[in-house]
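Structural characterization, general
Here are the chains, one letter per residue:
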Amino acid sequence: MHPPLRLQLRNLDQILLSLLDERARILSGIPTTDPGRKPAVDDMLRRHSGPFPARGVTEVFAAVDRHCRGFALTAVVPDGMESARGTETARGPESAGGTLS
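Cut-offs used in this document
- Residues numbered from 1 in each chain as written.
- Predicted model: local features only at pLDDT ≥ 70, side-chain atom pairs only at ≥ 80, totals over all residues.
- Heavy atoms only, no water.
- Helix = DSSP H or I, 4+ residues; strand = E, 2+ residues; numbered from the N terminus.
- Expected span 1.5 Å × (residues − 1).
- Buried < 20%, exposed > 50% of the residue type's maximum accessible area, 1.4 Å probe, protein only.
- Arc of directions from axis to C-beta.
- Contact = heavy atoms within 4.5 Å.
- Core = buried A, V, L, I, M, F, W, Y, C linked by side-chain atoms within 4.5 Å.
- Salt bridge = Lys/Arg side-chain N within 4 Å of Asp/Glu carboxyl O.

**Some thoughts on helix H3 (residues 54–68)**
Between the first and last C-alpha of H3 there are 21 Å, a value that for 15 residues agrees with the 21 Å anticipated at 1.5 Å per step. All of the buried residues along H3 are Gly56, Val57, Val64, Asp65 and Cys68. The buried side chains of H3 occupy one side of the element, clustering within an arc of 165 degrees when seen end-on. On the buried face of H3, the contacting elements are helix H1 (3–27) and helix H2 (41–47).

Here is the structure:
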């Protein structure tokens with residue numbers, strides 16, 4: 001691969017990762033029952049005109065949504081106790097062994 005293209009792809013990958021992290025941070029303050037948490041994929045697909053296939057867009061956003069479910073508004077609880085969701089502590093999923101991957 002041509003070195004400038006490789007660099008451009010690395011930069012894009014870093015931007016994608018930063019955006020995923022930002023989405024997770026935002027979701028940490030929104031209750032899991034809020035319908036606004038879910039990506040508006042149908043609306044995006046209506047506006048999409050790029051080369052990335054519609055099915056791929058749907059799959060990517062489904063995976064993002066699935067992995068962001070652990071980031072939810074929870075009550076602050078002492079260490080070692082579970083939150084209202086029963087899986088994460090109020091400090092976030094990384095404290096419970098979760099990741100974005």
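Picking up after the structure, the text goes on.
**Quick notes on the nonpolar core**
Ala24, Leu27, Val64, Cys68 and Phe71 form the largest nonpolar core, which has five residues in total. Listing elements by their share of this core, those giving two or more residues are H1 and H3. Every residue in contact with Val64, bar those within four places of it in the chain, is listed here: Leu20 and Arg23.

**Description of the pattern of salt bridges**
If you walk through the whole model with that rule in mind, you get four salt bridges. With its nearest N and O atoms 3.1 Å apart, the salt bridge here joins Asp43 to Arg47. Separated by four residues within a single helix, Asp43 and Arg47 lie in helix H2, roughly one turn from each other. A salt bridge links Arg55 to Glu59; the shortest N-O distance between them is 3.0 Å. Of the two residues, Arg55 and Glu59 are both situated in helix H3; the distance of four residues between them amounts to about one turn of the helix. Residue Arg55 is classed as exposed on the basis of its relative accessible area, which comes to 66%. According to the relative accessible area criterion, Glu59 is partly exposed, its value standing at 45%. Several salt bridges share partner residues, and in doing so they unite Asp43, Arg46 and Arg47 into one network.

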